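Letter by letter, the chains look like this.
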Amino acid sequence: MESRLQIFDSNGDKSFVKVSNNYFNLSEAKGVYGVAKEEEGADNTIRLEYYEESDEKSYYITFGVEEAEQLALTLLNLSDAIKR
């Protein structure tokens, strides 16, 4: 499962943000999430990657499902506030 979004930076370069699970497949990510939730361990199942079309490097961070939900709500709230 993967989602890629093209964004435009201030320099006009083509840049992309890609969201995917941090594991080989979704069932493995679900297993890690389940174990982390049961044992209160680290959950790193979500991967957010940034890269530019002209650059060979990419940058990424990983975080858990709960943090991803908080980030999504924060983005929705900010977008709604800007639209009003």
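Read on for an overview of the structure.

Thresholds applied
Residues numbered from 1 in each chain as written. Predicted model: local features only at pLDDT ≥ 70, side-chain atom pairs only at ≥ 80, totals over all residues. Heavy atoms only, no water. Helix = DSSP H or I, 4+ residues; strand = E, 2+ residues; numbered from the N terminus. Expected span 1.5 Å × (residues − 1). Salt bridge = Lys/Arg side-chain N within 4 Å of Asp/Glu carboxyl O. Phe/Tyr/Trp six-rings, centres within 6.5 Å; stacked < 30°, edge-to-face > 60°. Buried < 20%, exposed > 50% of the residue type's maximum accessible area, 1.4 Å probe, protein only. Lys NZ or Arg CZ within 6 Å of the ring centre and 35° of its normal.

## Here's the deal with helix α1 (residues 26-39)
Phase 1 of the analysis: For α1, which comprises 14 residues, the first-to-last C-alpha distance of 20 Å matches the rise-based estimate of 20 Å (1.5 Å per residue) to within 8%.
Phase 2 of the analysis: Backbone geometry just downstream of α1 places Glu40 in the positive-phi region, at approximately 55 degrees.

## Some details on the pattern of salt bridges
Phase 1 of the analysis: Applying the stated criterion across every chain, the model contains 4 salt bridges.
Phase 2 of the analysis: One salt bridge connects Asp80 with Arg84, and the closest N-O pair in it is separated by 2.7 Å.
Phase 3 of the analysis: Look at the salt bridges and you will find they share partners, linking Lys18, Arg47 and Glu49 into a network.

## As for the packing of aromatic side chains
Phase 1 of the analysis: Tallied over the full model, the rule gives 1 aromatic pair.
Phase 2 of the analysis: Ring geometry for Phe16 against Tyr51: centres 5.4 Å apart, planes inclined by 25 degrees, an arrangement best described as stacked. In this pair, Phe16 sits in strand β2 (residues 14-21) while Tyr51 sits in strand β3 (residues 46-52), placing the two residues 35 residues apart along the sequence. Here Phe16 and Tyr51 have matching classes, each one buried.
Phase 3 of the analysis: The positively charged end of Arg47 is found above the aromatic ring belonging to Tyr60, 3.6 Å away from the centroid.

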